[in-house]
Amino acid sequence: MKKTLLLFSLILIFTSCKDDSKVTFQNKVVKDTINSNNDTIQGIKILKEFYLKFYGSDTIFDDENLKRKFVSERIIKRIDSLSDGKDLILDYDPFINAQDYSGHIIRKTLEIKPLKNKDEYRVSFLLIGRKDEKRTYVDFLLKKAENGNFLIYSILNDEYLNFNNDSISLNKSNRNTN
């Protein structure tokens, strides 16, 4: 009888330990999914706020201090270096991939969706609102700053701001040979 009781107790202990590990794993998956969803929501919110603040009006809004709330220092420095002096490379606004736009059209047509990879997003909009106009697409990588806010870390579909060093060096060598 003692052996049966001991065997039953051991089976009960092993079964409960197995269930605890399963519950712990399930809790971790749920927690990771919730964090990922919260990050996605936060990333979309930051991009939307950035576009509405800087491009949602027909008047140019250029506040460098406010821009630092949304854009990483490395992007700001790269834009400054590529659009400064006689070696002008960026003659367009990389956040809209154009020079001209209509703020109320961007505001009205703005869409932001997460991409397959973590912290990557696609922003799309119309620039002017013409009948035959195709949507403009700008893909971003966001990174969490030390303060917990997301910042635009690179523009994935821009050859100069995706931070692929090969594209910069190739373009500089092509300019020097022409």
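Residues numbered from 1 in each chain as written. Predicted model: local features only at pLDDT ≥ 70, side-chain atom pairs only at ≥ 80, totals over all residues. Heavy atoms only, no water.

1. Overview of the sheet that holds strand β4 (residues 150–155)
Adjacent strands of a sheet form backbone hydrogen bonds with each other and so pair up, either parallel or antiparallel.
Phase 1 of the analysis: With antiparallel pairing, the four strands of this open sheet are ordered in space as β1-β2-β3-β4. Two strands close off the open sheet at either side, each with one partner strand: β1 (111–114) and β4. Strand-to-strand twist across the sheet, computed as the mean angle between neighbouring axes with direction ignored, equals 35 degrees.
Phase 2 of the analysis: Pairing between strand β3 (residues 136–144) and β4: five bridges, direction antiparallel. In the sheet register, Leu142 faces β4, and the bridge partner there is Ile152. (Pairing = 2+ DSSP bridges. Helix = DSSP H or I, 4+ residues; strand = E, 2+ residues; numbered from the N terminus. Axes fitted to C-alpha atoms, helices over the stretch in contact; angles between N-to-C directions.)

2. Some points on the packing of aromatic side chains
Phase 1 of the analysis: Summed over the entire model, instances satisfying the criterion amount to 11 aromatic pairs.
Phase 2 of the analysis: Taken together, a centroid distance of 5.1 Å and an interplanar angle of 40 degrees make the contact between Phe50 and Phe54 tilted. Taken together, the residues span about one helical turn, with Phe50 and Phe54 both in helix α1 (residues 2–55) at a distance of four residues. With respect to burial, Phe50 and Phe54 carry one shared label: buried.
Phase 3 of the analysis: Pairwise contacts between aromatic rings join Phe50, Tyr51, Phe54, Tyr55, Phe70, Phe95, Tyr101, Phe125 and Phe140 into one cluster. (Phe/Tyr/Trp six-rings, centres within 6.5 Å; stacked < 30°, edge-to-face > 60°. Buried < 20%, exposed > 50% of the residue type's maximum accessible area, 1.4 Å probe, protein only.)

3. Some remarks on helix α3 (residues 73–82)
Phase 1 of the analysis: All buried positions along α3 are accounted for by Ile75, Ile76, Arg78, Ile79 and Leu82. Down the axis of α3, the buried set is contained in an arc of 165 degrees. They therefore lie on one face. (Arc of directions from axis to C-beta.)

4. A closer look at the pairing of strand β2 (residues 120–125)
Phase 1 of the analysis: Among the six residues in β2, five count as buried, and that is most of the element.
Phase 2 of the analysis: Taken together, the four bridges between β1 and β2 define a ladder with antiparallel strand orientation. Residue pairing across strands places Pro114 opposite Tyr121, the latter belonging to β2.
Phase 3 of the analysis: As consecutive antiparallel partners, β1 and β2 are separated by five residues, and within that stretch Asp119 has a phi angle of approximately 65 degrees, a positive value.
Phase 4 of the analysis: Strand direction decides the pairing type here: β2 and β3, joined by six bridges, are antiparallel. Looking at β3, one finds that Arg122 is bridged to Asp139.

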